[in-house]
Amino acid sequence: MAEPNAQEDFSKLTNDLAVLRADVAKLADTLTTLARSQSGAAADAVTSRVREGKAKAEATAAELLDEGRAAYDEARDRASQLGGDVTSAIERNPLGAVAAALGVGFLLGLLTRGR
């Protein structure tokens, strides 16, 4: 049996450790690159979702604004029509309008006078 040479074993061990250090450094670089790409992909996904949410919110706001404008226009038209109807009723029957106004005034006076 050959005697183990401590110098050769130490040299082999040193070389193996150098190779192991290089492999660990490569692994660390690979993991760093992977983490960066994954965080970039996650950031892209979050940004995409935020943009989609913003677009949906803007669309909903625009729809609500349009509905509000339509409701306002309809209410304005109805109020104008009602005003025109009251005016034409007064013009057709002025005495009835005066009597109705007196009756309403009398009722309001009774409701608001002190007891």
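To be clear, the structure that these remarks concern was listed above.
Chemist: Would you take a moment to explain the overall build of the chain for this structure?
Modeler: Helix and strand counts for the chain stand at 2 helices and 0 strands. Taken along the three principal axes of its C-alpha coordinates, the chain extends 135 × 40 × 15 Å. Surface summary for the chain: the accessible area is close to 10,400 Å², and the carbon and sulfur share equals 62%. For the chain, the separation between the mean place of its 14 positive charges and that of its 17 negative charges on side chains is 11 Å.

Chemist: I would appreciate a short explanation of the pattern of salt bridges in the present structure.
Modeler: Pairs can form between side chains of opposite charge once their charged atoms are near each other. All told, the structure shown has 2 salt bridges when counted by the stated rule. Among the salt bridges present, the one from Arg76 reaches Asp73, with a minimum N-O distance of 3.4 Å. One end of the pair, Arg76, and the other, Asp73, are both in helix 1 (residues 6-92), 3 residues apart, so they sit about a helical turn from each other. The class for Arg76 is partly exposed, based on a relative accessible area of 43%. Notably, a salt bridge pairs Arg78 with Glu74, separated by 2.9 Å at the nearest N-O pair. Note that Arg78 and Glu74 are positioned in helix 1 at a spacing of 4 residues, about one turn of the helix. Assessed through its relative accessible area of 56%, Arg78 is described here as exposed.

Chemist: I'm lost on a nonpolar patch on the surface in this one. Help?
Modeler: Where nonpolar side chains cluster on the molecular surface, the patch consists of Leu13, Leu17, Leu20 and Val24 and spans about 360 Å² of accessible area. Turning to its location among the elements, Val24 is positioned in helix 1. When its relative accessible area of 49% is taken as the criterion, Val24 is described as partly exposed.

Chemist: So what exactly am I meant to see when it comes to the environment of Ala18 here?
Modeler: Within the secondary structure, Ala18 sits in helix 1. Along the primary structure Ala18 and Thr30 are separated by 12 residues, whereas in three dimensions their C-alpha atoms are 18 Å apart.

Criteria and thresholds
Residues numbered from 1 in each chain as written. Predicted model: local features only at pLDDT ≥ 70, side-chain atom pairs only at ≥ 80, totals over all residues. Heavy atoms only, no water. Helix = DSSP H or I, 4+ residues; strand = E, 2+ residues; numbered from the N terminus. Areas by Shrake-Rupley, 256 points an atom, 1.4 Å probe, with all protein chains shown as cover. Lys, Arg positive; Asp, Glu negative; His and termini not counted. Charge placed at Lys NZ, Arg CZ, Asp CG, Glu CD. Salt bridge = Lys/Arg side-chain N within 4 Å of Asp/Glu carboxyl O. Buried < 20%, exposed > 50% of the residue type's maximum accessible area, 1.4 Å probe, protein only. Patch = residues over 30% accessible without salt bridge, like charges linked within 9 Å, V, L, I, M, F, W, Y side chains within 5 Å.

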